[in-house]
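Working through the structure, step by step
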Amino acid sequence: MPLDQAEKPAILVLAPMPAAPVSAGNRRRLAATCEALTRGGFAIDLAYYAHEDQIYRRFGQHPPTDLVEMERTFRNVFLIEARTVIPLKTRSTAFGIDEWCPDEVGDFVAWYCSAYPETGAVLVNYVFLSRALERVPPGVLTLIDTHDRFAGRQTQYRPFRAEPNFFYTDAAGEAAGLSRADVVLAIQAAEAGSFASLTDSRVLLLPPHFPAQKPFAVPERVARIGFLGHGNDPNLFSIGRFIRAWRDGWTPDRPELVIAGEICRSLPGVEGPGVRLLGYLDRLEDFYAQADLIVAPMLMGSGLKMKVGEALSFGRPVIGTEIGLEGFEPVEPAHRCRDVEAVKAAVLAVAADAEALARLTRASEALFTRYAATALAAEAELVELLRARRVEHRIPSPRTRGEGRDDHGTWVYPSSAPGCPSRAGPTWDVGATSGSEGDGALRGETLSETPLHHRLPPRSADDEVGRALSPRAGRGEANPDAGSFVVRGGGLVLTCETSARSRPAADPDLGVLVATERRPGHGTAAVYTPRRQRWFARAEAAADGAAPDLGPLDVALSPEWVRDRTLPPTTRAALARAFARMQADWETQGRIVGCAGDRLEIETLLPGVLVNGTHPAAAFLVAGEGASEWRLERVTPLHRRRIETYANLTGRLPAPLPVSLSFRGAATGPASGCLLFLTDDGIGRIILPEGAA
């Protein structure tokens, strides 16, 4: 915890994305809001609900997550495991407002408010997490930072003949979510007006403040134009069309388009004359040093385009569509282009005319100056509202968990402690404390018979935050200095690392990331520590011994299993044997109904979400001490269900449907054993008993 935050009044900020590194627009918004609150004199407790890890894993992407940097920045950092599968599609016309807010998020908020009853405000990012505010006790100020308008958002996809891969709802759902908060924060004026028409909650405009990084200067020439973005649908659709337009008629005397960010992983094959991918860059400065002018050819999306604000803060002139600069209140024609062709024409015009380039630079600077004044005024209004809740009150100042209490739950104050009743410190007037017997309940507190949030068990494991959270018996020797241990066998080297470092797709020394362990239990500090246990795998030339048996681990698999497949086939088979007893989400039986050469047809059951559409999968038959990979070629729905045995072990996936699975496997033909069926969203076991044919 930063020392300068020890005595400040605290705000809990809950977000489905990490605050570091700032590699995407929603992360930049989160960081900007936290920076505004910090400037206002508040300490931030950040809770990261690892929703983004799950969502982007389905697309084979690895957005970095730097928990170490977050710990350096905020008073406390908590990690909420994403245990429930978040649906990306719905059969309804829109998602229900709470479909993306599973119980584990509300459970954390209830635990936190019990453990830290002095916290005076809870801010959730995105309206789809508003359900968590129902677990906040009375008297605590509740806020929603909306980021975007989600009612009817799916209609933006129609011109692209596509379906959204992110949340959308209807006006009634959005209104219900917004009404759960005392204060609703809108990122731009048009959306503030829209939200005000949906809810009686107070709506405040809060555009993010972008501190100026470099002064504006007219480029000597436009040699390169730049686009920086995350791999989301609005960016992909928009830059995809702009790339096609920019390539058309391109000649070496025209500027080169350079693209950077996580989006580059989703743009294979686009490089060529006039277009270059820079990949993910750790420092924004490195990108803006290579671009003379920034383009924002956005054709869809809501909220505010953070890439535009960042470009302006680095003193770069910008050309973009009306959607691209929505919320900046532009007046320059080059800031209000109709489509990608108009953006292209505007770029070519200023590239060929030095005076036009100078006018664009001056117009961009004026736009940034107006916007910055609006953002700072809005920030001051929010801080004034929050400060109005503060009073000088003789209760303990914000603390790290477990400080200042004796074994009987009574507050104890060293005479020098800032929270001592003889030394009043800044806290919140929160009206009421949590009605809970759990951690944070005060002696003599009157307990409601019908509490507004679920009660939690008494605190436990305060001294266990740093210890390993899953059993390691028989899994190798730990290396306490490195926070890791190694097991090997069958041509496979597995390393388990416990750390809070940025989530890597691979490590040059440890190998490919294959799994992240989930923590057991709930309602304790140990469950929410930002430390993670990750498993890395690499091949070993010597194949001595059998593959290790890691036991019944509870893990989330990485894209390596079903998408990247960067490990050799024999190593992947050994890996499946090592993880064979990992906890499954579902289990059923199968019956072999066809066999020809190396082709197999198995009748079985699958969770309904896996039956229709395209779902990458990996399948391994584990029998005895060995394992072999079978390639899934087709999933065929069946009308008649002849397999009755099915166990929904975690409740993460929907009810099963009968299917026939077509595989191509080893030439040895069918065999009995356990068929591991792995997808982005879950782990399944299909038992093939003796005589299953």
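The following paragraphs examine the structure supplied in this document. Computed from a predicted model, the values in this text were never measured in an experiment. The written sequence of each chain sets the order in which its residues are numbered from 1. Reporting in this predicted model follows two pLDDT cut-offs: at least 70 for local features of residues, and 80 or more for side-chain atom pairs to be given and counted; totals over whole chains, interfaces and linings ignore these cut-offs and use all residues. As a rule here, side-chain values come from all non-hydrogen atoms in the structure, and water together with hydrogens is ignored.

**Observations concerning the sheet that holds strand β7 (residues 202–205)**
- Overall, parallel pairing links the 7 strands, which are arranged β3-β2-β1-β4-β5-β6-β7 in an open sheet. Both edges of this open sheet fall to β3 (76–80) and β7, since each of them pairs with a single strand only. Strand after strand, the sheet turns through a mean of 20 degrees between neighbouring axes, direction not considered.
- In this description, strands pair whenever DSSP reports at least two bridges between them. In this text, helices come from DSSP runs of H or I with a minimum length of four residues, and strands from runs of E with a minimum of two, each type numbered from the N-terminal end. As paired elements, strand β5 (residues 141–145) and strand β6 (residues 183–186) share 3 bridges and run parallel to each other. Fitted lines through C-alpha atoms serve as axes, helices being fitted only where they are in contact, and the angles separating the N-to-C directions of these axes extend from 0 to 180 degrees.

**Here we look at the packing of helix α9 (residues 306–313) against helix α11 (residues 354–387)**
- Taken N-terminus to C-terminus, the directions of α9 and α11 make an angle of 110 degrees; their axes are 10 Å apart at the nearest point. Regarding the angle of α9 to α11, the classification is roughly perpendicular. Here α9 and α11 pass one another in a crossing that is left-handed. Contacts from Gly309, Leu312 and Ser313 of α9 reach α11 at Ser364, Leu367 and Phe368. Note on terminology: angles under 35 degrees are roughly parallel, angles over 145 are roughly antiparallel, angles of 65 to 115 are roughly perpendicular, and the others are oblique. The crossing is said to be left-handed when, going from far helix to near helix, the turn is anticlockwise and less than a right angle, and right-handed when the turn is clockwise. Only heavy atoms matter for contacts: two residues are in contact if any of them lie within 4.5 Å across the pair.

**Describing the sheet that holds strand β11 (residues 293–296)**
- Spatially, β10-β9-β8-β11-β12 is the arrangement adopted by the 5 strands of the open sheet, whose pairing is parallel. Every other strand in the sheet has two partners, leaving β10 (275–279) and β12 (318–320) as the edge strands with one partner each. Going from strand to strand, the sheet's axes swing by 30 degrees on average, the running direction of each strand aside.
- Two elements, strand β8 (residues 224–228) and β11, share 2 bridges in a ladder whose sense is parallel.

**Considerations on the pattern of salt bridges**
- Between Lys or Arg on one side and Asp or Glu on the other, a salt bridge is scored when a side-chain nitrogen of the former is within 4 Å of a carboxyl oxygen of the latter. A full pass over the atoms with the stated rule returns 38 salt bridges.
- Here Glu629 makes a salt bridge to Arg572, at a shortest N to O gap of 2.8 Å. Taken together, the positions of Glu629 in strand β26 (residues 626–637) and Arg572 in helix α13 (residues 569–578) put the pair 57 residues apart, joining distant regions of the chain.
- Look at Arg572 and you get buried, because its relative accessible area is 4%.
- Ionic pairing is found between Glu603 and Arg591, a salt bridge with its closest N-O pair at 2.9 Å. With Glu603 in strand β24 (residues 599–607) and Arg591 in strand β23 (residues 591–596), this pair connects stretches of sequence that are 12 residues apart.
- If you follow the salt bridges from partner to partner, you end up with Asp598, Arg599, Arg631, Glu633 and Arg664 in one network. Residue exposure (1.4 Å probe, protein chains only): buried if accessible area is under 20% of the type maximum, exposed if over 50%, otherwise partly exposed.

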